[in-house]
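What the coordinates show
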Amino acid sequence: MMSKCTICDEQAAEYFVKGTPSGYCKECALDTFADLDMLVKAEQNARALQEHLDLDTNDEDPE
Ligand SMILES: [Zn+2]
């Protein structure tokens with residue numbers, strides 16, 4: 001399932017601020033950040049979010 005761009009709400013969100021659910025299409029990402037280096041593609045972000053969840057789960061470990 002593709003999420004829509006947070007800004008224009010029309011195009012598919014391709015770029016994400018790593019570890020957040022906020023996605024932007026390429027044009028809005030460039031308008032907002034002027035640079036795509038700090039952003040990750042949707043696929044990479046899904047993995048980052050999953051890793052973040054895994055880390056949260058590990059925090060429950062009493063060790
Ligand atoms: Zn957009």
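Residues numbered from 1 in each chain as written. Predicted model: local features only at pLDDT ≥ 70, side-chain atom pairs only at ≥ 80, totals over all residues.

Points about the overall build of the protein
In terms of regular secondary structure, the protein is built from 2 helices and 3 strands. Excluding contacts between residues fewer than 6 apart, the proportion of contacts in the protein whose partners are at least 24 apart in sequence is 25%. (Helix = DSSP H or I, 4+ residues; strand = E, 2+ residues; numbered from the N terminus. Contact = placed C-beta atoms within 7 Å.)

Topic: the sheet that holds strand 2 (residues 23-24)
Spatially, 2-1-3 is the arrangement adopted by the 3 strands of the open sheet, whose pairing is antiparallel. The open sheet has two free edges, formed respectively by strand 2 and strand 3 (39-41), since each of these has just one partner strand. Pairing of strand 1 (residues 15-17) with strand 2, which is carried by 2 bridges, proceeds in the antiparallel orientation. Of the residues in strand 2, the one forming a bridge with Tyr15 is Tyr24. (Pairing = 2+ DSSP bridges.)

As for the nonpolar core
Counting residues in each nonpolar core, the largest one holds 9 residues, listed as Cys5, Ala13, Tyr15, Phe16, Tyr24, Cys25, Cys28, Ala29 and Leu39. Where this core is concerned, the elements lending two or more residues are strand 1 and helix 1 (26-33). Beyond its immediate stretch of four places on either side in the chain, Cys5 contacts Glu10, Gln11, Ala13, Gly23, Tyr24, Cys25 and Cys28. (Core = buried A, V, L, I, M, F, W, Y, C linked by C-beta atoms within 7 Å. Buried ≥ 20, exposed ≤ 12 C-beta atoms within 10 Å, placed from the backbone.)

Focus on the confidence of the model for the protein
In this model, the protein carries an average pLDDT of 87, and 89% of its residues clear a pLDDT of 70 or more. Least confident of the elements in the protein is helix 2 (residues 42-59), whose mean pLDDT is 82; most confident is strand 2, at 95. (pLDDT = per-residue confidence, 0-100.)

Re the environment of Arg47
Looking at the element boundaries, Arg47 is found in helix 2. Considered as a pair, Arg47 and Gly19 are 28 residues apart in the sequence and their alpha carbons are 8.7 Å apart.

Here's the deal with unusual backbone geometry
Despite not being glycine, Asp9 shows a phi value in the positive range, around 60°. Relative to the helices and strands, Asp9 resides in the segment before strand 1. You can call Asp9 exposed: it has 10 C-beta atoms within 10 Å. The phi angle at Ala34 is positive, at roughly 65°, despite the residue not being glycine. Classification of Ala34 by C-beta neighbours within 10 Å gives exposed; the count is 9.

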